[in-house]
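Each chain, letter by letter, is given below.
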Number of protein chains: 2
Amino acid sequence: MARIKRIATASAPVNIAVVKYWGKKDTKLILPTNDSLSVTLDQDHLRSLTSSAAVEVEQQEQEQQQGESVAASPSKDRLWLNGVEEEIGSEGRLRTCIDQLRDARRKVEGEDGGVEKIAHLPLHIVSENNFPTAAGLASSASGFAALVWSISSLYQLNSDSGGHLSTSALSRVARQGSGSACRSLFGGFVAWQGGEAKDGSDSLALQVAERQHWKDLHAIICVISDAKKGTPSTAGMQRTVQTSAALQSRISHVVPERMQRITSAIKQRDFDAFAKETMRDSNNFHATCLDTSPPIFYLNDTSRLVIQLVEELNRSSEQAAAGAGAIAAYTFDAGPNAVLYAPEKNVPLLLSLIRHYFPNADFDDPFKLLPSLPQDGLTSADLPSTFNKSVIPVSEAGAVRRLIHTRVGDGPRILGAGSSSTDDAHLIGQDALPIRLQRVKRV
Amino acid sequence: MARIKRIATASAPVNIAVVKYWGKKDTKLILPTNDSLSVTLDQDHLRSLTSSAAVEVEQQEQEQQQGESVAASPSKDRLWLNGVEEEIGSEGRLRTCIDQLRDARRKVEGEDGGVEKIAHLPLHIVSENNFPTAAGLASSASGFAALVWSISSLYQLNSDSGGHLSTSALSRVARQGSGSACRSLFGGFVAWQGGEAKDGSDSLALQVAERQHWKDLHAIICVISDAKKGTPSTAGMQRTVQTSAALQSRISHVVPERMQRITSAIKQRDFDAFAKETMRDSNNFHATCLDTSPPIFYLNDTSRLVIQLVEELNRSSEQAAAGAGAIAAYTFDAGPNAVLYAPEKNVPLLLSLIRHYFPNADFDDPFKLLPSLPQDGLTSADLPSTFNKSVIPVSEAGAVRRLIHTRVGDGPRILGAGSSSTDDAHLIGQDALPIRLQRVKRV
């Protein structure tokens with residue numbers, strides 16, 4: 001039997017890049033070939049939730065353990081991910097994150113004798129996402145962010161818990177779990193500064209603007225059906241590094257200039273400029289994938305149709321009123337799914353268009369961000385007068401499988417921390433094992 | 001009534017670029033932003049056929065004409081294209097080509113009084129392709145090549161007709177009709193040297209190797225169904241010039257280095273190197289299209305599947321026997337259709353694979369380049385042992401609509417020239433009007 005000595009639970013948000021990360025210059029430290037920038041989505045909607053507990057084992061087991069070296073305790077670390085126990089192993093990214101946080105705690109314990117000794121205890125970690133794989137979202141960013149945030153809270157390392165590590169410093173740890181996870185440690189608009197140092201010390205996340213600065217920015221995730229499995233991004237991006245000429249111009253010119261322009265657009269809440277940079281970066285990223293040998297494809301025919309629809313909407317809007325600017329922006333990660341960004345006022349029109357051209361998408365609208373759902377059909381008087389309704393055909397039912405409507409959100413939250421798990425927030429019970437809470441509201 | 005003073009008929013081949021032309025630095029002179037290189041296909045299979053006649057009008061009409069200026073005669077030039085009369089107009093690309101050839105004839109007539117005076121006579125031009133639009137091939141290259149070749153033969157300008165203009169010199173004229181037409185003036189393997197001169201004097205075609213040098217190179221054209229009309233290439237390429245960062249690296253590094261490597265591959269008949277450069281250039285070209293704002297798409301989901309199939313075939317071949325090299329190469333112009341190149345010995349396997357994964361393609365095999373058609377189904381023992389049969393799914397019937405099997409071919413041919421059209425070769429009758437010969441064997 002084991003029991004909890006200390007526990008902490010954190011939630012962390014998903015982020016969707018508008019300037020994409022693609023390519024590592026150091027695959028072990030996860031140092032990217034270029035800066036990137038993302039929008040953090042609202043964790044009231046989509047989130048990873050992680051409880052971490054330092055666990056004391058019973059007398060008999062303790063004696064057995066003390067016969068081994070102190071370094072043996074990490075081998076007792078355990079992880080349950082979405083209800084299934086996973087092997088942490090003695091190396092790999094998860095181990096790297098845990099070890100770095102444990103080392104930081106050990107250092108604090110060594111420097112201040114009054115601090116409770118927990119660094120030597122095994123960790124039990126339970127993590128759950130409230131969005132299924134079917135939502136088409138990568139869970140590694142929010143997952144590693146929640147893991148880092150919960151362990152750093154458990155160890156009282158982060159400034160929220162009275163510790164000395166800044167969020168950016170912790171983002172360095174999350175980065176080594178999954179590159180883009182570093183950006184999920186902040187809310188709002190977040191840059192991952194690629195950095196110059198060989199040891200990765202300056203490769204970390206920085207907040208460009210907080211959620212409150214531009215809180216009416218909404219997102220619509222269009223989950224697109226695709227029969228084919230794409231190339232895993234970890235393998236794909238290094239093939240691009242090795243073979244694409246277009247990536248070189250992306251690294252040397254395209255991204256550095258875009259980072260400046262999009263940062264300025266965000267600071268000025270200039271949606272038109274933000275949209276243009278976002279769309280061009282997505283296209284530039286997928287162009288470098290296509291320029292890879294053998295080529296990597298993530299966009300499919302439905303993705304192309306979404307692009308053409310949004311481009312026509314923006315074109316006709318600008319034509320109808322010069323200076324009106326873009327109505328929406330699209331961006332695509334390493335998969336066929338579109339994420340559309342738009343100011344709140346444009347969302348009803350955008351949603352009605354998407355639902356018209358891509359009928360029968362599953363949209364139960366769990367977050368109800370609009371007072372009423374837009375009707376199907378192009379009855380909206382808000383459609384620009386020169387919008388070409390035949391720009392794309394109406395797709396067969398289900399080509400866009402699911403729609404999720406959400407918005408910009410804040411950074412990770414500590415939901416509870418202390419010496420017992422009686423608090424409702426935790427995913428681990430007093431017996432140090434996962435509680436199947438069914439508390440996670442599924443999207 | 002009008003009658004023929006002199007007539008000439010020429011045929012010209014289609015060419016398919018392996019290093020693509022995309023972008024003009026001078027849209028009037030059609031000066032490309034980069035060199036390109038193509039394979040000329042056999043005109044025994046696919047060709048444009050053009051008759052040009054210098055036409056004397058009857059007495060009454062002549063008098064009427066002599067009341068006008070000499071320069072008025074071009075306004076009587078007439079053109080019939082695939083049986084339909086088209087307006088030549090007083091400007092535009094067709095007019096540019098006709099004027100330049102007429103000026104060259106006029107100069108010869110001025111310098112040598114013994115030469116028959118025909119430059120002042122109106123031209124009647126009749127042109128037909130033996131491949132319908134449904135074949136998915138651009139006809140402007142072979143069309144302008146046949147036009148330039150027939151008029152230069154009519155005017156006895158080209159060296160084949162005893163004139164002083166080299167084929168490369170005439171390619172400058174064809175270039176101004178349609179850029180890639182300059183490459184259809186040679187057989188075999190043809191480079192279009194982009195050139196440096198402002199006036200385009202050094203922007204012309206050069207033969208890299210003739211057909212005989214590598215005559216077992218075959219091509220399979222896969223005509224792919226596509227509901228959507230693509231962006232016209234003339235408009236599309238200038239949008240790329242204006243907006244794509246990837247095009248800049250293509251112009252400055254990618255193409256210059258590739259031209260050297262692929263020229264060397266052709267000279268050494270190194271199919272593996274030829275295939276790799278061909279496929280990478282196609283992907284780099286489509287990447288610059290995707291990098292354009294708004295993005296331009298030519299590849300569709302079926303195109304992607306063809307790419308994945310050929311990549312897997314080459315990968316498994318190389319794995320089965322190191323150094324075996326590529327079995328086939330794919331390339332895509334400004335549309336979804338694939339052109340596959342392969343040495344003759346690889347064609348049965350390639351055809352059987354394509355017909356297995358893309359069933360029900362129309363393939364009546366008019367040219368019968370193989371002693372017997374490969375069977376449908378993957379029964380071939382020639383398939384590399386590690387070929388992954390589930391690399392792509394079997395597509396729905398007709399996703400590849402049509403297959404055309406052809407091979408590398410020779411340059412334009414003069415089929416007949418003289419003072420009367422009694423020769424069977426001509427598409428114009430003694431009355432100076434089109435004969436609907438039904439002589440053109442349709443593909």
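Computed from a predicted model, the values in this text were never measured in an experiment. (Residues numbered from 1 in each chain as written. Chains lettered and ligands numbered in written order. Predicted model: local features only at pLDDT ≥ 70, side-chain atom pairs only at ≥ 80, totals over all residues. Heavy atoms only, no water.)

Enquirer: Please clarify how the overall build of chain A should be interpreted in this entry.
Expert: Of regular secondary structure, chain A possesses nine helices and 16 strands. Its C-alpha radius of gyration of 23 Å places chain A within 12% of the 22 Å reference for a compact globule of 443 residues. C-alpha atoms of chain A, sized along the principal axes, occupy 80 × 45 × 40 Å. For chain A, buried positions account for 59% of its 443 residues. (Helix = DSSP H or I, 4+ residues; strand = E, 2+ residues; numbered from the N terminus. Rg over C-alpha atoms; globule rule 2.2 N^0.38 Å. Buried < 20%, exposed > 50% of the residue type's maximum accessible area, 1.4 Å probe, protein only.)

Enquirer: Help me understand the sheet that holds strand 2 (residues 15-19) of chain A in this model?
Expert: Strand pairs in the sheet, formed through backbone hydrogen bonds, run parallel or antiparallel to each other. Residues and elements named next belong to chain A. Reading across the sheet, the four strands line up as 2-5-10-11 and stay open at both edges, with antiparallel pairing between neighbours. The open sheet has two free edges, formed respectively by strand 2 and strand 11 (204-209), since each of these has just one partner strand. Ignoring which end each strand starts from, the neighbouring axes of this sheet average 35 degrees apart. Bridge count between strand 10 (residues 189-193) and strand 11: five bridges; the pairing is antiparallel. Looking at the pairing, valine 190 lines up with glutamine 207 of strand 11. Contacts from helix 4 (residues 167-177) reach strand 10 and strand 11, with the element oriented near 125 degrees to strand 11. Against the sheet, helix 7 (residues 271-290) contacts strand 2 and strand 5 (36-40), and its axis sits at roughly 90 degrees relative to strand 2. (Pairing = 2+ DSSP bridges. Axes fitted to C-alpha atoms, helices over the stretch in contact; angles between N-to-C directions. Contact = heavy atoms within 4.5 Å.)

Enquirer: Sorry if this is basic, but what is going on with the confidence of the model for chain A here?
Expert: Caution applies to low-pLDDT parts of the model: their predicted coordinates are not meant to be read in detail. All names here are of chain A. Across chain A, the average pLDDT comes to 91, with 93% of residues at or above 70. Every residue in residues 67-72 is under pLDDT 50, and counting partners more than four places away or in other chains gives zero contacts. Scored by ipTM, the complex comes to 0.90, with pTM at 0.92. (pLDDT = per-residue confidence, 0-100.)

Enquirer: Where do I start with the pairing of strand 13 (residues 329-332) of chain B in this structure?
Expert: In the case of a regular strand, side chains alternate between the two sheet surfaces. Residue and element names in this part refer to chain B. Side chains Ala329 and Thr331 project from strand 13 onto one buried face, and the interleaved Tyr330 and Phe332 project onto a second face that is buried too. Note that strand 13 and strand 14 (residues 338-343) share four bridges and pair antiparallel. In the sheet register, tyrosine 330 faces strand 14, and the bridge partner there is leucine 340. Between strand 13 and strand 14, which pair antiparallel in sequence order, lie five residues.

Enquirer: Is there a simple way to think about the packing of aromatic side chains in this case?
Expert: Each pair of aromatic rings is reported with the distance of its centres and the angle of its planes. In this structure the tally under the stated criterion is 18 aromatic pairs over all chains. With a centroid separation of 6.1 Å and an interplanar angle of 55 degrees, the aromatic rings of Tyr330(A) and Phe332(A) are classed as tilted. Taken as a pair, Tyr330(A) and Phe332(A) share a single burial class, namely buried. Plain terms: the ring middles of Phe274(B) and Tyr341(B) are 5.9 Å apart, the flat faces sit at 70 degrees to each other, and that makes the pair edge-to-face. In this pair, Phe274(B) sits in helix 7 (residues 271-290) while Tyr341(B) sits in strand 14, placing the two residues 67 residues apart along the sequence. Residue Phe274(B) is classed as buried on the basis of its relative accessible area of 0%. Take Tyr341(B): its relative accessible area is 1%, and that puts it in the buried class. Every member of this aromatic cluster is reached through a ring pair, and the members are Phe189(A), Trp214(A), Phe271(A), Phe274(A) and Tyr341(A). (Phe/Tyr/Trp six-rings, centres within 6.5 Å; stacked < 30°, edge-to-face > 60°.)

Enquirer: Would you explain the relation of the copies chain A and chain B in this entry?
Expert: The second copy of the chain is related to the first by a rotation about an axis and a shift along the axis. With an RMSD of 0.0 Å, the operation that places chain A on chain B is a rotation of 180 degrees combined with a shift of 0.0 Å along the axis. Here the transformation between the copies is reduced to the relation of a two-fold axis. In terms of C-alpha distance to the rotation axis, chain A has Ala287(A) as its closest residue, with the C-alpha 2.1 Å off the axis. When the interface residues of chain A are mapped onto chain B, 100% of them are again interface residues, pointing to one common binding face. (Least-squares fit on C-alpha atoms with pLDDT ≥ 70 in both.)

Enquirer: Could you clarify how one ought to interpret the interface of chain A and chain B in this entry?
Expert: Accessible area lost during the coming together of the parts is what is often quoted as the interface size. Tallying the contact residues gives 29 residues for chain A and 29 residues for chain B. Each partner contributes to the roughly 2,400 Å² buried at the junction of chain A and chain B, and carbon and sulfur atoms together form 61% of this total. Put simply, chain A and chain B have zero salt bridges between them. At the junction of chain A and chain B, the tally comes to seven residue pairs in polar contact (both at pLDDT 80 or more). Listed by contribution, the elements that provide at least two residues to the side of chain A that touches chain B are helix 6 (245-267), helix 7 and helix 8 (301-320) of chain A. When grouped by side-chain class, the residues that make up the side of chain A that touches chain B number 13 nonpolar, nine polar and seven charged. (Buried area = accessible area lost by both parts, 1.4 Å probe. Salt bridge = Lys/Arg side-chain N within 4 Å of Asp/Glu carboxyl O. Polar contact = N/O pair within 3.5 Å; in protein donor to acceptor, adjacent residues only side chain to side chain. Nonpolar A, V, L, I, M, F, W, Y, C, P; charged D, E, K, R; others polar.)

Enquirer: Could you clarify how one ought to interpret the environment of Pro256(B) in this entry?
Expert: Residues and elements named next belong to chain B. With respect to the helices and strands, proline 256 occurs in helix 6 (residues 245-267). With 222 residues separating them along the chain, proline 256 and asparagine 34 place their C-alpha atoms 7.8 Å apart. For proline 256, the contacting residues outside a window of four places in its chain are Arg250 and Ile251.

Enquirer: Sorry, what's going on with the packing of helix 6 of chain B against helix 7 of chain B here?
Expert: All names here are of chain B. Axis separation between helix 6 and helix 7 bottoms out at 10 Å; the angle between their running directions is 165 degrees. Here helix 6 is positioned roughly antiparallel relative to helix 7, judged by the angle of their axes. Judged by the sense of rotation from one axis to the other, the crossing of helix 6 with helix 7 is left-handed. Across the interface between the two elements, Ala246, Leu247, Arg250, Val254, Val255, Arg258, Arg261, Ile262, Ala265 and Ile266 of helix 6 pack against Ala273, Phe274, Glu277, Thr278, Arg280, Asp281, Asn284, Phe285 and Thr288 of helix 7. (Parallel < 35°, antiparallel > 145°, perpendicular 65-115°, else oblique. Left-handed = near helix turned anticlockwise from the far one by under 90°.)

Enquirer: Which parts of the structure should I look at to understand the domain arrangement of chain A?
Expert: All names here are of chain A. When the domains of chain A are assigned, the result is domain 1 (2-57 + 75-210 + 413-418) and domain 2 (217-407). Domain 1 and domain 2 are separated by 29 Å when their C-alpha centres are compared. Summing both partners gives a buried area of about 3,000 Å² for domain 1 against domain 2, and 69% of it is carried by carbon and sulfur. A per-residue breakdown of the area domain 1 buries against domain 2 is headed by Lys20, Trp22 and His45, which together make up 29% of the total. Between the two partners, domain 1 and domain 2, sit two salt bridges. Where arginine 407 meets aspartate 42, a salt bridge forms, and the shortest distance between an N and an O atom there is 3.0 Å. Across the contact surface, domain 1 and domain 2 share nine residue pairs in polar contact (both at pLDDT 80 or more). Of all the secondary-structure elements, those providing two or more residues to the side of domain 1 that touches domain 2 are strand 2, strand 5, strand 10 and strand 11. (Domains from an automatic or database assignment.)

Enquirer: Which parts of the structure should I look at to understand the sheet that holds strand 5 (residues 36-40) of chain B?
Expert: Residues and elements named next belong to chain B. Spatial ordering of the open sheet is given by 2-5-10-11, a layout of four strands whose pairing is antiparallel. Here the strands that pair on one side only, and so sit at the sheet edges, are strand 2 (15-19) and strand 11 (204-209). Averaged over all pairs of adjacent strands, the angle between their axes in this sheet comes to 35 degrees, without regard to strand direction. Its contacts with the sheet place helix 7 against strand 2 and strand 5, and it is angled at close to 90 degrees to strand 2.

Enquirer: What should I look at first to understand the pattern of salt bridges in this one?
Expert: Opposite charge on two side chains allows them to pair when their charged atoms are near. Using the criterion set out here, one finds 44 salt bridges over all chains in the structure. Among the salt bridges present, the one from Asp77(B) reaches Arg95(B), with a minimum N-O distance of 3.0 Å. Of this pair, Asp77(B) sits in the loop between helix 1 (59-66) and strand 7 (78-81) while Arg95(B) sits in helix 2 (residues 93-111), and the two are 18 residues apart along the sequence. What makes Asp77(B) buried here is its relative accessible area of 7%. When its relative accessible area of 7% is taken as the criterion, Arg95(B) is described as buried. A salt bridge links Asp77(B) to Arg102(B), with the shortest nitrogen-to-oxygen separation between them at 2.9 Å. Residue Asp77(B) is found in the loop between helix 1 and strand 7, and its partner Arg102(B) is found in helix 2; the two are separated by 25 residues along the sequence. Taken as a pair, Asp77(B) and Arg102(B) share a single burial class, namely buried. Three or more residues are tied together by salt bridges with common partners; here these are Arg250(A), Arg258(A), Arg261(A), Glu277(A) and Asp281(A).

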